[in-house]
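Now for the letters of each chain:
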Amino acid sequence: MIRLDSERLLYREMDEHDFDAVAGILRDPEVRRIWEQEFPDEEVRAWIERRQRGYRQNGIDYLLAVEKATGEPIGQVGVLREEIDGQTVWGVGYILRGDCRGKGYATEGARRMAAYAFDELGADRIVCDIRPINAPSLAVARRLGMTRTGSFVKMVHGQPMEHLIFTLTPEDFRR
């Protein structure tokens with residue numbers, strides 16, 4: 001079972017006992033706006049099952065990010081195996097509760113996951129695929145030192161959604 005930490009956060013695998021916390025994160029109005037979807041109970045359960053499958057298949061996936069000081073789940077941050085334009089790549093993802101945005105948690109978590117991808121997984125690069133309308137996530141990618149390297153259309157629940165691709169190499173990360 002994977003458990004990581006950073007200055008203010010602990011990251012751990014999620015399971016069905018985390019349903020309420022995960023549902024609260026996914027049902028946040030900003031998450032729903034950017035992803036253009038609702039998350040009924042069955043989709044929240046499927047989300048948690050996909051994360052668990054990712055742990056088994058890849059050793060890591062979205063992890064529940066928990067604030068050390070309070071023990072409260074504040075979001076999900078992780079390293080994901082993703083398919084982008086026919087290539088399988090390591091990606092870094094972050095989703096926070098609305099009341100936890102603007103506090104540097106996404107940047108802190110993404111930095112920790114990038115370090116994990118480079119140091120533990122031996123990734124030669126990581127990517128973030130971000131909706132163009134998601135200004136806060138775009139800012140996190142830039143703070144990490146990522147460079148925009150393209151765009152693609154991702155099918156999400158049968159809907160085509162444009163995503164920008166940002167890439168980071170170990171060399172750029174260490175600068």
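Keep in mind that what you see is a predicted model, and the values were worked out from it rather than measured. (Residues numbered from 1 in each chain as written. Predicted model: local features only at pLDDT ≥ 70, side-chain atom pairs only at ≥ 80, totals over all residues. Heavy atoms only, no water.)

(A) The side chain of Ser137, seen in detail. Relative to the helices and strands, Ser137 is located in helix α5 (residues 135–143). Looking at Ser137, the relative accessible area reads 10%, which means it is buried. Side chain to side chain, Ser137 and Asn134 meet in a polar contact 3.0 Å long. Non-local contacts of Ser137, meaning those with residues more than four positions away in its chain, are made with Tyr94 and Ile130. (Helix = DSSP H or I, 4+ residues; strand = E, 2+ residues; numbered from the N terminus. Buried < 20%, exposed > 50% of the residue type's maximum accessible area, 1.4 Å probe, protein only. Polar contact = N/O pair within 3.5 Å; in protein donor to acceptor, adjacent residues only side chain to side chain. Contact = heavy atoms within 4.5 Å.)

(B) View of the environment of Asp5. For Asp5, the position within the fold is in strand β1 (residues 3–5). With residues near it in sequence (within four places) discarded, Asp5 still touches Leu10, Tyr11, Lys68 and Arg112. Side-chain polar atoms of Asp5 contact the side chain of Lys68, separated by 3.1 Å.

(C) Focus on the packing of helix α1 (residues 19–26) against helix α3 (residues 41–58). Relative orientation of the contacting elements α1 and α3 amounts to 110°, with a least axis distance of 10 Å. With respect to α3, the element α1 is oriented roughly perpendicular. Contact residues: α1 offers Phe19, Val22, Ala23 and Leu26, while α3 offers Asp41, Val44, Arg45, Trp47 and Ile48. In terms of residue class, the contact of α1 with α3 is made up of 7 nonpolar, no polar and 2 charged. (Axes fitted to C-alpha atoms, helices over the stretch in contact; angles between N-to-C directions. Parallel < 35°, antiparallel > 145°, perpendicular 65-115°, else oblique. Nonpolar A, V, L, I, M, F, W, Y, C, P; charged D, E, K, R; others polar.)

(D) Focus on the environment of Ala21. Position of Ala21 relative to the elements: it lies in helix α1. According to the relative accessible area criterion, Ala21 is partly exposed, its value standing at 24%. Sequence separation between Ala21 and Arg45 is 24 residues, and the spatial gap between their C-alpha atoms is 12 Å.

(E) Quick look at the packing of aromatic side chains. Within the structure shown, the criterion is met by 5 aromatic pairs. Where Trp35 meets Trp47, the ring centres are 5.4 Å apart and the plane angle is 50°; that geometry is what we call tilted. Note that Trp35 is positioned in helix α2 (residues 29–35) and Trp47 in helix α3, a separation of 12 residues in sequence. Here Trp35 falls in the partly exposed class, since its relative accessible area comes to 22%. Judged by its relative accessible area of 5%, Trp47 is buried. Through a chain of ring-to-ring contacts, three or more aromatic side chains come together here, namely Trp35, Phe39, Trp47 and Tyr62. The aromatic ring of Trp47 is capped on one face by Arg51, whose charged end is 4.3 Å from the ring centroid. The aromatic ring of Trp90 is capped on one face by Arg81, whose charged end is 4.3 Å from the ring centroid. (Phe/Tyr/Trp six-rings, centres within 6.5 Å; stacked < 30°, edge-to-face > 60°. Lys NZ or Arg CZ within 6 Å of the ring centre and 35° of its normal.)

(F) Summary view of helix α4 (residues 105–119). For α4, which comprises 15 residues, the first-to-last C-alpha distance of 21 Å matches the rise-based estimate of 21 Å (1.5 Å per residue) to within 8%. Burial of α4 is extensive: 12 of the 15 residues sit out of reach of the surface. Turning to α4, its buried residues number three or more, namely Tyr105, Ala106, Thr107, Glu108, Gly109, Ala110, Met113, Ala114, Ala115, Tyr116, Ala117 and Phe118. (Expected span 1.5 Å × (residues − 1).)

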